[in-house]
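Here is how the chains run, residue by residue.
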Amino acid sequence: MSTPPSTGPGVLTAEGTAAAIGPWATATEAYRLLTVDVPAEHWIEALTAARDGLGLTYFDWLSAVDELAEGFAVCAHLAGVGEGPGALRHLLLRARVPRDAAVLPTAAGVYPGAGWHERETHEMFGIGFTGHPHLVPLLLPEGFEGHPLRKEFVLAARVAKAWPGAKEPGESDHGDGPARRKMQPAGVPDPNEWGPLKGTLPPVAERPARGARTARAGAAAGAEGGPAVRADRPRRTRSITEGSASQAATAPAGGTATAPAEAAEPAVERPRRARSSDAPWHTPAEAPAPGRSAEPTSPAPASESDDQKPTTPQDGDSA
């Protein structure tokens, strides 16, 4: 197998790497990572070419990515260590398998360290590896159903615990009153229909509907040109003797309604304020006729009554 061209000692290029692995391989480079895509039927052949032809003898890790309708992308990260500049060379080998037939041949015969990673990938994604010597569960407890890293897998923690994105600013876990129905994250069913709390949760209390405005209230508001009046709230008509419409009179046991306490008390007249003689605005005068000057008028001095005047003898009066 020919050595791939390079831009420096030991540096891999996309074109040279794809040509060294096989004519069915395509390579792309992004963020200083070289990725080579190969068909699933050439998976073992591509791994062997990377190890023997490119000198990538170190197996780093193997995993998968759920790409929904496109299936699963199984990725293996390989590396090689040499001497001099560009001694560390690595690439990502990737193969896609369909969702309904997610199977690849095992890479344990090329890289023995791949056996542990294939067990984890099989457990988390449900991808089979034919020829694996011991493809048994690795991390999940015995009897666990499903594959947690598939995107259609429902997380039980999201069902048993409120999703943080369902809360609005100001909401907390300490409220005891009825609240609106919480939002569920995408792909999570109702916790009362699936999960450990299935069938045990009470129905969510719905908010009472707002009272509709009656036609009479709407007509009155439109006739007066004022704002709309809600039918479930009385209009507040205040007066001195009756109070407001919201202060309903209570009826005793005898059945006779009693008036408010303010209406039972007699009205007390306040003493009128005495007018001062030195305030001309207290004694308004008529406006003068045109052409005449207004003469200032002063209020007449207060005179005593005739019966209180002292009597003095006149010249013609007899004593």
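Conventions used here
Residues numbered from 1 in each chain as written. Predicted model: local features only at pLDDT ≥ 70, side-chain atom pairs only at ≥ 80, totals over all residues. Heavy atoms only, no water. Helix = DSSP H or I, 4+ residues; strand = E, 2+ residues; numbered from the N terminus. Buried < 20%, exposed > 50% of the residue type's maximum accessible area, 1.4 Å probe, protein only. Contact = heavy atoms within 4.5 Å. Polar contact = N/O pair within 3.5 Å; in protein donor to acceptor, adjacent residues only side chain to side chain. pLDDT = per-residue confidence, 0-100.

A. Focus on the overall build of the protein. When helices and strands are counted, the protein shows 6 helices and 7 strands. For the protein, the N- to C-terminal ordering of α and β elements is α-β-β-α-β-β-β-β-α-β-α-α-α. Per-residue burial over the protein gives 24% buried out of 319 residues. The long-range fraction of contacts in the protein, counting pairs at least 24 apart against all pairs at least 6 apart in sequence, stands at 45%.

B. Main features of unusual backbone geometry. One non-glycine residue with positive phi stands out, namely Y31, at about 55°. Structurally, Y31 is set in the loop between strand 1 (26–30) and strand 2 (33–37).

C. Helix 1 (residues 14–21), seen in detail. Counting buried residues along helix 1, 6 of its 8 residues qualify, which places the element largely inside the surrounding structure. Residues A14, G16, T17, A18, A20 and I21 constitute the buried set of helix 1. Summarising the contacts, the buried residues of helix 1 are in contact with strand 1, strand 2, helix 2 (43–52) and strand 5 (88–97). Near the N-terminus of helix 1, the side chain that reaches the backbone nitrogen of G16, with its oxygen 3.3 Å away, is that of T13.

D. Region of the structure containing the side chain of R89. Tracing the chain through its elements places R89 in strand 5. Looking at R89, its side chain comes within polar contact range of the main-chain oxygen of L54, at 2.6 Å.

E. Representation of the confidence of the model for the protein within the structure. Averaged over every residue, the pLDDT of the protein is 73; the share at 70 or more is 50%. Per-element confidence in the protein ranges from a low mean pLDDT of 50 for helix 6 (residues 261–264) to a high of 97 for strand 6 (residues 103–105). Low pLDDT, under 50, characterises residues 1–9; the predicted model gives this stretch 17 contacts beyond four residues in sequence or across chains.

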